[in-house]
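Close look at the chain arrangement
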Amino acid sequence: MGIETNWAGNVSYRAAAVVRPRTRDELDRALATPGPLRPLGSRHSFSTIADTTGTLIDLGAMPAVVEQTAPDAVRVSGGIRYGELGAELHRRGLALSNLASLPHISVAGAVSTGTHGSGDAIGSLATAVRAVTLAGPDGERTLRRGDPDFAGAVVSLGALGLMVELELDVEPTYDVAQTVHEGPAWDALLAEFDRVTALGTSVSVFSRWTDRDRADQLWIKNRADGAALDEALLARLGTTPATVARHPILGAPAEACTRQLGEAGPWHERLPHFRFAFTPSAGEELQSEYLVPRRDAVRAIEAVRRLSDRIAPLLLVNEIRTVAADDLWLSSSYGEPAVGLHFTWRRDQPAVEALLPAIEAALPDTARPHWGKVSTLDPAELRRRYPRWDDFAALVGRMDPAGRFRNAYLERLGL
Ligand SMILES: Cc1cc2nc3c(=O)[nH]c(=O)nc-3n(C[C@H](O)[C@H](O)[C@H](O)COP(=O)(O)OP(=O)(O)OC[C@H]3O[C@@H](n4cnc5c(N)ncnc54)[C@H](O)[C@@H]3O)c2cc1C
């Protein structure tokens with residue numbers, strides 16, 4: 001076996017084997033392997049969350065399932081990627097309410113880490129889950145929304161077994177139009193932050209922090225049946241509409257990006273920033289993200305702004321976006337709406353890890369790091385920021401008493 005790595009190449013898995021079952025029998029044989037086990041998705045995490053010294057089980061080769069179970073629900077296989085699922089749902093006249101910036105990630109992997117897109121009124125991708133079927137060496141178990149442990153079993157870091165199937169909320173398909181507005185002034189943006197993030201269904205602010213006075217771009221994705229753009233607010237921000245398609249990194253070629261310039265199209269081809277047929281993002285990169293309660297967002301952005309001289313040399317782009325509150329125990333928007341401060345870094349891990357403690361110390365002490373991205377926050381401090389932490393630890397103890405799905409990442413967290 002050659003060296004198997006994550007998508008970014010910054011994590012070389014220490015697994016003794018990576019298996020890709022194609023049938024239920026092959027999956028059962030994989031689950032019967034002695035020693036540590038770990039689910040593997042599409043490998044888009046930058047942290048060591050998916051690593052193990054035992055056997056990695058990748059569901060990507062299992063048959064893709066998309067089965068409508070109710071007018072507003074579908075059952076899907078855990079290994080299916082959002083790009084494939086989105087196209088199939090749209091073909092059937094259906095849609096999800098939200099997507100992340102790229103459609104290449106697997107549903108189970110994204111849900112397990114609390115992956116999110118942007119939108120004041122829309123939750124993380126995990127909030128669409130209404131049931132999850134988890135498989136382990138001792139069989140499988142389905143937890144449904146409303147069951148006592150359900151809220152702990154969705155964003156569950158791969159700690160409870162393999163999500164072989166999930167049931168997701170769907171709605172009738174819809175169109176989205178995307179526009180880009182360049183050069184919003186930070187002072188005006190922060191003064192009217194709540195109005196800015198309400199400019200569309202899904203809003204992102206991109207900045208390379210080379211300019212402390214102006215962000216680079218405001219991306220607004222609006223449902224075609226939504227309200228017209230608030231031009232007066234855009235004028236107060238001092239933006240100019242982009243007249244060519246843009247990449248989140250201002251100036252980078254935009255052919256991998258979803259259609260902009262206000263051209264309406266299906267939700268699954270507009271909500272992600274990147275197109276499924278192209279290699280996403282900048283390629284050589286690392287990512288970090290901290291989600292702060294909305295009430296702390298302006299303070300958090302000001303803290304990043306003060307550090308911008310140190311951040312800019314390592315940064316490819318910073319994205320600020322919003323996530324609605326949910327009740328999922330390990331969700332970074334648990335209990336309160338959140339604002340994500342995301343950083344796409346140049347791929348220099350020692351330099352990034354040297355800078356992160358300064359960012360983590362400057363951010364409000366409510367900031368929760370994204371599970372799938374690079375952070376250096378002390379585990380004791382991290383646990384303090386999740387009110388349901390002890391409930392999750394107890395759930396891991398009940399569902400995986402032998403610790404078969406434990407890995408070094410979970411041990412460091414005390415799980
Ligand atoms: C270019 C790029 C853009 C990104 N954009 C966003 C974004 O817009 N928003 C955001 O929030 N994040 C974003 N991310 C981060 C990414 O969405 C998360 O890291 C996500 O977890 C990746 O899913 P995956 O399928 O690759 O999972 P992996 O990285 O393979 O695994 C992640 C975790 O999920 C677990 N897991 C995987 N499959 C299963 C399963 N079947 N059952 C149980 N557990 C499982 C693994 O054990 C591991 O703990 C981005 C990453 C990249 C590389």
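Residues numbered from 1 in each chain as written. Predicted model: local features only at pLDDT ≥ 70, side-chain atom pairs only at ≥ 80, totals over all residues. Heavy atoms only, no water.

Turning to the domain arrangement of the protein chain, a few remarks are in order. One frequently used descriptor of interface size is the decrease in accessible area upon assembly of the parts. We note that the domain assignment places domain 1 (63–173) and domain 2 (175–270 + 280–369) within the protein chain. The straight-line distance from the C-alpha centre of domain 1 to that of domain 2 is 24 Å. With 31 residues of domain 1 in contact, the opposing surface of domain 2 contributes 25 residues. The junction of domain 1 with domain 2 conceals about 2200 Å² of combined surface from both sides, 60% of it contributed by carbon and sulfur atoms. (Domains from an automatic or database assignment. Contact = heavy atoms within 4.5 Å. Buried area = accessible area lost by both parts, 1.4 Å probe.)

Counting residues in hydrophobic clusters, the biggest one holds 68 residues, and the most contacted among them are Tyr82, Leu85, Leu166 and Trp371. The dominant element in this core, judged by the number of residues it contributes, is helix H12 (residues 389–399), at five residues. Residues lining this core come from more than one domain, with at least three contributed by each of domain 1 (63–173) and domain 2 (175–270 + 280–369). With near-sequence residues (within four places) excluded, Leu166 lies in contact with Val74, Arg75, Val76, Gly78, Val107, Ala108, Val111, Val129, Ala131 and Val132. One finds Ala300, Val304, Phe343 and Leu355 within the second-largest nonpolar core, a separate group that totals 41 residues. (Core = buried A, V, L, I, M, F, W, Y, C linked by side-chain atoms within 4.5 Å. Buried < 20%, exposed > 50% of the residue type's maximum accessible area, 1.4 Å probe, protein only. Helix = DSSP H or I, 4+ residues; strand = E, 2+ residues; numbered from the N terminus.)

This part covers empty space enclosed by the protein. Taken as a whole and assessed by the stated rule, the structure comprises four cavities of 30 Å³ or more. Size it by volume and the second largest cavity reaches roughly 60 Å³. Around the second largest cavity, the lining residues are Tyr82, Leu96, Ser97, Asn98, Gly123, Ser124, Leu125, Thr127, Ala128 and Leu168. Grouping the amino acids of the lining of the second largest cavity by side-chain chemistry returns five nonpolar, five polar and no charged. (1 Å grid on protein atoms, 1.4 Å probe; cavity = no way out; pocket = protein on both sides within 12 Å on 5 of 7 lines; lining within 4 Å. Points joined across faces, edges and corners; volume = space filled by probe spheres on them. Nonpolar A, V, L, I, M, F, W, Y, C, P; charged D, E, K, R; others polar.)

Here we take up the site of the ligand. In the vicinity of the ligand, 37 residues are found, and the nearest of them are Pro39, His44, Ser45, Ser106 and Met163. In this structure, an oxygen atom belonging to the ligand sits 3.0 Å away from a side-chain N or O atom of Thr115. Coverage of the ligand by the protein chains reaches 99% of its 970 Å² of free accessible surface. Secondary-structure elements contributing two or more residues to the shell around the ligand are strand S2 (37–40), helix H3 (107–112) and strand S9 (162–169). (Near = heavy atom within 4 Å. Polar contact = N/O pair within 3.5 Å; in protein donor to acceptor, adjacent residues only side chain to side chain. Areas by Shrake-Rupley, 256 points an atom, 1.4 Å probe, with all protein chains shown as cover.)

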